[in-house]
Amino acid sequence: MCSLLRGEEMCLAQLFLQSGSAYDCISELGELGLVEFRDLNPSVNAFQRKYVNEIKKCEEMERILGYLLREIKKADISLPERDVNPVAPLPKHVMTIMEQLQRLEVELGEVTRNKEKLQKNLLELTEYTHMLRITRNFVQRTAEREPLQVQYEEFPFLEKDTVMDYSSMQRLGAKLGFISGLIHRVKIEAFERMLWRVCKGYTILSYAEIDEYLEDPDTGEPTKSVVFLISYWGDQIGQKVKKICDCYHCHLYPYPSSNEERNDVVEGLRTRIQDLHTVLHRTEDYLRQVLIKASESVYTWVVQVKKMKAIYYILNLCSFDVTNKCLIAEVWCPINDIPMLRRALEEGSRKSGATVPSFVNRIPTTDTPPTLIRTNKFTSGFQNIVDAYGVGTYREVNPAPFTIITFPFLFAVMFGDLGHGIIMAVFAFWMVLYENDRKLKNTRNEIWNTFFEGRYIILMMGLFSIYTGLIYNDCFSKSLNIFGSGWSVKAMYKDINDIRENRVLMLDPNVTGVFRGPYPLGIDPIWNLATNRLTFLNSYKMKMSVILGVIHMSFGVVLSTYNHLYFRKKYNLYLVFLPELLFLLCLFGYLVFMIFYKWLFFSAKNSRQAPSILIHFINMFLMQGDAVQPLYPGQTGLQVFLVVIAVFSVPVLLLGKPIYLYWLHNGSHHLRMYRGYERVRRNSEEEVYLMRAHDMEEGNSHSDLSSSGEHHTEEFDFADEFLHQAIHTIEFCLGCISNTASYLRLWALSLAHAQLSEVLWAMVMRIGLRMDTTLGVFFLVPVFGLFAVLTVSILLVMEGLSAFLHALRLHWVEFQNKFYSGTGVKFSPFSFSLLPSSFENDGLL
Amino acid sequence: MRGLICGPKLAACGIVLSVWGVIMLAMLGIFFTVHSAGLIEDVPLTENDFDPNTNSIQKIYELYNKVGYNCFIAAAVYVFVGGFSCCQMKLNKKKEYLVQ
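Residues numbered from 1 in each chain as written. Chains lettered and ligands numbered in written order. Predicted model: local features only at pLDDT ≥ 70, side-chain atom pairs only at ≥ 80, totals over all residues. Heavy atoms only, no water.

The name recorded for chain B in an unreviewed UniProt entry is Ribonuclease kappa-like, from Parambassis ranga. According to the UniProt record, the Subcellular location (unreviewed entry) comment for chain B reads "Membrane". UniProt, in the comment section headed Sequence similarities (unreviewed entry), describes chain B in these words: "Belongs to the RNase K family." (UniProt positions renumbered as here; feature names shortened; annotations may be inferred.)

Going by the annotation in an unreviewed UniProt entry, the name recorded for chain A is V-type proton ATPase subunit a, with Parambassis ranga given as the source organism. The annotation that UniProt attaches to chain A under Subcellular location (unreviewed entry) is "Membrane". UniProt, in its Sequence similarities (unreviewed entry) section for chain A, records the words "Belongs to the V-ATPase 116 kDa subunit family."

*Asks:* Would you mind showing me how to read the overall build of chain A here?
*Replies:* In terms of helices and strands, chain A carries 26 helices and eleven strands. Per-residue burial over chain A gives 45% buried out of 845 residues. Long-range contacts, defined here as pairs at least 24 residues apart, represent 81% of the contacts in chain A between residues at least 6 apart. (Helix = DSSP H or I, 4+ residues; strand = E, 2+ residues; numbered from the N terminus. Buried < 20%, exposed > 50% of the residue type's maximum accessible area, 1.4 Å probe, protein only. Contact = heavy atoms within 4.5 Å.)

*Asks:* What's the story with the overall build of chain B in this structure? I'm lost.
*Replies:* In terms of regular secondary structure, chain B is built from two helices and zero strands. Against the globule reference of 13 Å for 100 residues, chain B gives a C-alpha radius of gyration of 20 Å, more extended than a compact globule. The C-alpha extent of chain B, read off along each of the three principal axes, is 75 × 20 × 15 Å. Within the span of chain B, comprising 100 residues, buried residues form 33% of the whole. Of all intrachain contacts in chain B linking residues separated by at least 6 positions in sequence, the fraction that spans at least 24 positions is 81%. When the accessible surface of chain B is totalled, it reaches about 6,400 Å², and 69% of it is carbon and sulfur. (Rg over C-alpha atoms; globule rule 2.2 N^0.38 Å. Areas by Shrake-Rupley, 256 points an atom, 1.4 Å probe, with all protein chains shown as cover.)

*Asks:* Help me out: how do you make sense of the interface of chain A and chain B in this one?
*Replies:* Interface size is commonly expressed as the accessible surface area that is lost when the partners come together. Counting from both sides, the interface comprises 23 residues of chain A and, opposite them, 26 residues of chain B. Surface buried jointly by chain A and chain B totals about 2,200 Å² across both partners, of which 68% is contributed by carbon and sulfur atoms. Among the residues of chain A in contact with chain B, Leu769(A), Arg770(A) and Phe784(A) are the three that bury the most area, contributing 26% of the side total. Measuring nitrogen to oxygen at the nearest pair gives 3.5 Å for the salt bridge that ties Asp42(B) to Lys478(A). Sorting elements by how many residues they give to the side of chain A that touches chain B places helix 25 (residues 776–815) of chain A first, with ten residues. Considered class by class, the residues forming the side of chain A that touches chain B number 16 nonpolar, two polar and five charged. (Buried area = accessible area lost by both parts, 1.4 Å probe. Salt bridge = Lys/Arg side-chain N within 4 Å of Asp/Glu carboxyl O. Nonpolar A, V, L, I, M, F, W, Y, C, P; charged D, E, K, R; others polar.)

*Asks:* Is there a simple way to think about empty space enclosed by the protein in this case?
*Replies:* With a probe scaled to a water molecule rolled over the atoms, the places where space remains empty come into view. Residue and element names in this part refer to chain A. Using the criterion set out here, one finds eight cavities of 30 Å³ or more in the structure. Looking at the largest cavity, it is lined by 17 residues, and the ones nearest its centre are Asp-474, Leu-537, Lys-541, Ser-750 and Ala-754. Those elements that provide at least two residues to the lining of the largest cavity are helix 11 (400–415), helix 17 (533–566) and helix 24 (745–769). Considering each element in turn, the lining of the largest cavity owes the most residues, six residues, to helix 24. When grouped by side-chain class, the residues that make up the lining of the largest cavity number eight nonpolar, five polar and four charged. (1 Å grid on protein atoms, 1.4 Å probe; cavity = no way out; pocket = protein on both sides within 12 Å on 5 of 7 lines; lining within 4 Å. Points joined across faces, edges and corners; volume = space filled by probe spheres on them.)

*Asks:* Sorry if this is basic, but what is going on with the UniProt feature "transmembrane region" (unreviewed entry) in chain A here?
*Replies:* Per the UniProt record, "transmembrane region" (unreviewed entry) is found at residues 409–433, 454–472, 544–562, 574–597, 640–663 and 775–798 of chain A. Structurally, residues 574–597 of chain A comprises 100% helix and 0% strand, and the distance from its first C-alpha atom to its last is 31 Å.

*Asks:* How should I be thinking about the UniProt feature "transmembrane region" (unreviewed entry) in chain B in this particular structure?
*Replies:* Mapped onto the present numbering, the UniProt feature "transmembrane region" (unreviewed entry) falls on residues 12–34 and 67–87 of chain B. Helix makes up 100% of residues 67–87 of chain B and strand makes up 0%, while its end C-alpha atoms are separated by 30 Å.

*Asks:* So what exactly am I meant to see when it comes to the packing of aromatic side chains here?
*Replies:* In this description, a pair of aromatic rings is defined by centroid distance and the angle of the planes. Tallied over the entire structure, the rule returns 48 aromatic pairs over all chains. A ring pair is formed by Tyr23(A) and Tyr312(A), whose centres lie 5.6 Å apart and whose planes are at 55°; its orientation type is tilted. Placement of Tyr23(A) in helix 2 (residues 22–32) and of Tyr312(A) in helix 8 (residues 259–317) is noted, with a sequence separation of 289 residues between them. Across this residue pair, the class does not change: Tyr23(A) and Tyr312(A) are buried. Here the aromatic rings of Phe819(A) and Tyr820(A) are separated by 6.2 Å at their centres, their planes lie at 55°, and the arrangement is tilted. Both residues of the pair, Phe819(A) and Tyr820(A), count as buried. Chaining the aromatic ring pairs together yields one cluster made of Phe476(A), Trp761(A), Phe784(A), Phe787(A), Trp20(B) and Tyr78(B). Above the ring of Tyr566(A), the side-chain terminus of Arg6(A) is found at 4.4 Å from the ring centroid. Positioned above the aromatic ring of Tyr213(A) is the side chain of Lys224(A), whose terminal nitrogen or guanidinium carbon lies 5.4 Å from the ring centre. (Phe/Tyr/Trp six-rings, centres within 6.5 Å; stacked < 30°, edge-to-face > 60°. Lys NZ or Arg CZ within 6 Å of the ring centre and 35° of its normal.)

*Asks:* Can you walk me through the pairing of strand 7 (residues 225–233) of chain A in this structure?
*Replies:* The side chains of a regular strand alternate between the sheet's two faces. Residues and elements named next belong to chain A. With nine of its nine residues buried, strand 7 lies for the most part within the structure. Burial of the side chains of strand 7 extends over both faces: Ser-225, Val-227, Leu-229, Ser-231 and Trp-233 are buried on one face and Val-226, Phe-228, Ile-230 and Tyr-232 on the other. Bridge count for strand 3 (residues 176–184) against strand 7 is nine bridges, and the pairing is antiparallel. Residue pairing for strand 7: Leu-176 is matched across the bridge by Trp-233. Where strand 4 (residues 203–209) and strand 7 come together, seven bridges link them in antiparallel fashion. Within strand 7, the residue paired with Leu-205 across the bridge is Ile-230. (Pairing = 2+ DSSP bridges.)

*Asks:* Is there a simple way to think about the packing of helix 24 of chain A against helix 25 of chain A in this case?
*Replies:* Helix-helix packing: each pair is described by the crossing angle between the helix axes and the interaxial distance. Residue and element names in this part refer to chain A. Here helix 24 crosses helix 25 at 170°, and the two axes come no closer than 9 Å. Classified by the interaxial angle, the pair formed by helix 24 and helix 25 is roughly antiparallel. Class assignment of the residues belonging to the contact of helix 24 with helix 25 gives a composition of 21 nonpolar, seven polar and three charged. (Axes fitted to C-alpha atoms, helices over the stretch in contact; angles between N-to-C directions. Parallel < 35°, antiparallel > 145°, perpendicular 65-115°, else oblique.)

*Asks:* Help me understand the side chain of Ser225(A) in this model?
*Replies:* Residue and element names in this part refer to chain A. Among the secondary structure elements, Ser-225 is positioned in strand 7. Looking at Ser-225, the relative accessible area reads 5%, which means it is buried. In contact with Ser-225, other than residues within four places in its own chain, are Leu-182, Ile-183, His-184, Arg-185, Glu-209 and Ile-210.

*Asks:* Sorry if this is basic, but what is going on with the packing of helix 17 of chain A against helix 25 of chain A here?
*Replies:* All names here are of chain A. Taken N-terminus to C-terminus, the directions of helix 17 and helix 25 make an angle of 50°; their axes are 10 Å apart at the nearest point. Put simply, helix 17 runs oblique to helix 25. Of the two possible hands of crossing, helix 17 and helix 25 adopt the one that is right-handed. Between helix 17, through His-552, Met-553, Phe-555, Gly-556 and Leu-559, and helix 25, the contact on the second element is made entirely by His-811, Glu-814 and Phe-815. Across the contact of helix 17 with helix 25, the residue classes tally to four nonpolar, three polar and one charged. (Left-handed = near helix turned anticlockwise from the far one by under 90°.)

*Asks:* Any chance you could explain a nonpolar patch on the surface here in plain terms?
*Replies:* All names here are of chain A. Taken together, Phe-427, Phe-429, Trp-430, Leu-433, Tyr-434, Ile-447, Phe-451, Val-792, Val-797 and Leu-801 make up a surface patch of nonpolar side chains, about 960 Å² in accessible area. Counting residues per element, the ones that place at least two in the nonpolar patch are helix 12 (418–433), helix 14 (446–453) and helix 25. Top element by residues in the nonpolar patch is helix 12. It accounts for four residues. With respect to the secondary-structure elements, Phe-427 resides in helix 12. (Patch = residues over 30% accessible without salt bridge, like charges linked within 9 Å, V, L, I, M, F, W, Y side chains within 5 Å.)

*Asks:* Please clarify how helix 24 of chain A should be interpreted in this entry.
*Replies:* Because each turn of an α-helix spans 3.6 residues, side chains separated by three or four positions in sequence point in the same direction. Compared with an ideal rise of 1.5 Å per residue, which puts 25 residues at 36 Å, helix 24 of chain A spans 34 Å between its outermost C-alpha atoms and is within 8% of the ideal. Ala762(A) marks the point of greatest bend in helix 24 of chain A, at about 30°. (Expected span 1.5 Å × (residues − 1). Bend = angle between axes of the 7 residues up to and from the residue.)

*Asks:* Looking at this structure, I do not really get the environment of Thr729(A). What am I missing?
*Replies:* All names here are of chain A. Structurally, the position occupied by Thr-729 is in helix 23 (residues 718–742). Judged by relative accessible area, Thr-729 falls into the buried class, the value being 4%. Separated by 276 residues in the primary sequence, Thr-729 and Glu-453 have C-alpha atoms spaced 39 Å apart. Setting aside chain neighbours within four positions, we find Thr-729 in contact with Val-650, Leu-653 and Leu-654.

*Asks:* What is the right way to look at helix 19 (residues 613–622) of chain A in this model?
*Replies:* Residue and element names in this part refer to chain A. Taken together, the buried positions of helix 19 are occupied by Ile-613, His-616, Phe-617, Asn-619 and Met-620. Projected down its long axis, helix 19 carries its buried residues within an arc of 165°, all on one side. Exposed residues on helix 19 whose side chains face more than 90 degrees from its buried face are Leu-614 and Leu-622. Contacts made by the buried residues of helix 19 are with helix 18 (570–601) and helix 20 (635–667). Met-623 occupies a position one or two residues after helix 19 and carries a positive phi of about 60°. (Arc of directions from axis to C-beta.)

Put into structure tokens, the structure is as follows:
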């Protein structure tokens, strides 16, 4: 029941698992998520553990599953709904899964390879077709002109050389050869230049671009290609040309020597391409079918393999007992869950059909257990922000249940605006209403996940902001006049000419009828029209911040009594808590008292004689009581008394605890020897444990509980203790002053928020509202849109995050350093649902 | 899909903005027509309105009413924007069902 206040009571237990049923028992425990396993083989390498082969098998299966998932993702097949939660498979079923996966991998690999080959083939045929079609144009074009005319506008130098014309070459007996093929468009110019430089005019290059994009087989991207036709004289030139073509990665195709041959080849190619298209289509269909069938069960396999691997990992943490028949595991378990643990072990033994059941046995320990605090969906957000600072020490007071109220309240004090609070609350309410929507829960966006996890925090923050917005009377920087203002202008200025001639009117509350009584809830709306609004509000907010700060800090100090009482250190109550509280209250509690006194006992009538609290506070320390008029009779005496108490509580805090502990240890020295004799007599470990526990209850051991069991020699180091206490004293006393001043950020941020809000209204909304022209009404529509966007981005997001951060800092530093140590370890149970999945991290699932 | 201009997120933003706009502009319009003093800075007053001639109060009230009506018209425009966003949202939902 008091789990949220203090954390669960934990114990160390030993599980004795029969070898046959170990797997099933651990599977049951993983489903329940009850216990945290300890590593009993810390010195053993990962590769030397007992079940390393099984883990290797699991990783092999994971590799195949990753390949499957990638192929499924590439083919754009969507995975079916993931509501299933299959249990871990028994070792005998693992072989079937492994076989299925391997078969699927082989099949997929084959089909993919075939598909690639077919695609490559198709590409070649397509290129050949293009080439034939385009070179036909070349030939036709050249045939139209005279055969002797050369067309080398781009090769001007040739005309200087001796022209080797067609007829002369033929007389020389050189044969005309053709090379045709395709090349990337980006390379064609360099290719042309290289050809010219090497072959010097013994070749003719004609090229034309293909209109459509062809897929490059190496990179898979669509590229533009160019068809070229080289005609050359002589074999040697032909060799050179072929070498150049190789360099530029051209795809060469045989050039048909006559038109009939060309037509035959084109026909043949067309039929082949059609056939290839059909085959490729069929192959893709088959591949898709295989992938769809795999996708139906791939999720189940992923979960099963993940669970199996986790179980083997845990089995590796256990150790074998001497008879080698039984596995021993050490777990941390909450005491309240021990019956559930027993039942889980029985269930596991029953499932595996073992004759000898596995059982659990509590063992005593002096190690500090991990901290477990059970939370529900509402409290988990607040517990998370407390844990972000530090997980609580075992059985220490947990600040989270108090944070549920104080954190949204301090946020709202800094954020107080009714309109913004409503928007924030509506947004959070929407998230809460749709919290079971799968799409919202499972997005990968980190920032959205952070907001979604904190939806209850944001809801509380919004609701509290509505309340403080009503108190500050601030709604989008305008005040709401709900009850009717308590100030009356008419009573102050009877003559209407006075009003007309003055730019600024002063309302004096001492004149009868001007101030008719305080506004029932919050700040009077007339202050929104006042020029001295900030002067009034600043004074109010600063005093409010100091009051809230002192209350918050005193609450923190009072909470430390819970820790002192629980850990049976009653001396802490008198030697630590009492001096701390006296110091805080005598100085800053008195400041709060003075603030309230001035508010209550000074009104508008004697406001001119109202003293400055700051001067009085300073004079209190300087013991100059007569310099200013006293607030109340007997003030000097009381102040001297309070200062004396505060000053004397400092050495008590500094020296009290170390001296008391020193006296306790040295004074009871003979008692200790008697106890040691008793310990030698009884050699049962159980009783030693009981006696040790009894010793700890008496407060004889060291001050902090979290040290390990070796110190039961009860050594007491006075210097260590004194240093620790000195640091604590200095921290507390100086911290009191600085922390109280730190709470002034409540005033600063609320001022900043109000001013930003006012500036936004004045510079954006007012422009739209003051539009005089008839079209001005349509100007108001985009102006409001801009106002809304700026409100959300600047005032809600930026100011909201800022106020969140400052409220959090106030909790973590100013509140928690009065009582919280936060040096614990969080309890992380072995649970399948908490295990991360590497596929989800890669975005494959 | 005919008529589908905005995506799902833009349509959702449009709906939120128009709901907020309708509520806030309608309330602003009501507060202007009731001549609330807190909104005096937002009324397009000129210097000669402060002259002590007769019926300047009425002129100020008329200005208040004018701004109030402006706000109501803007709220009506936002109703149309909201309706348009709702249509876009419905079209988007239909599209989600069609393409699987």
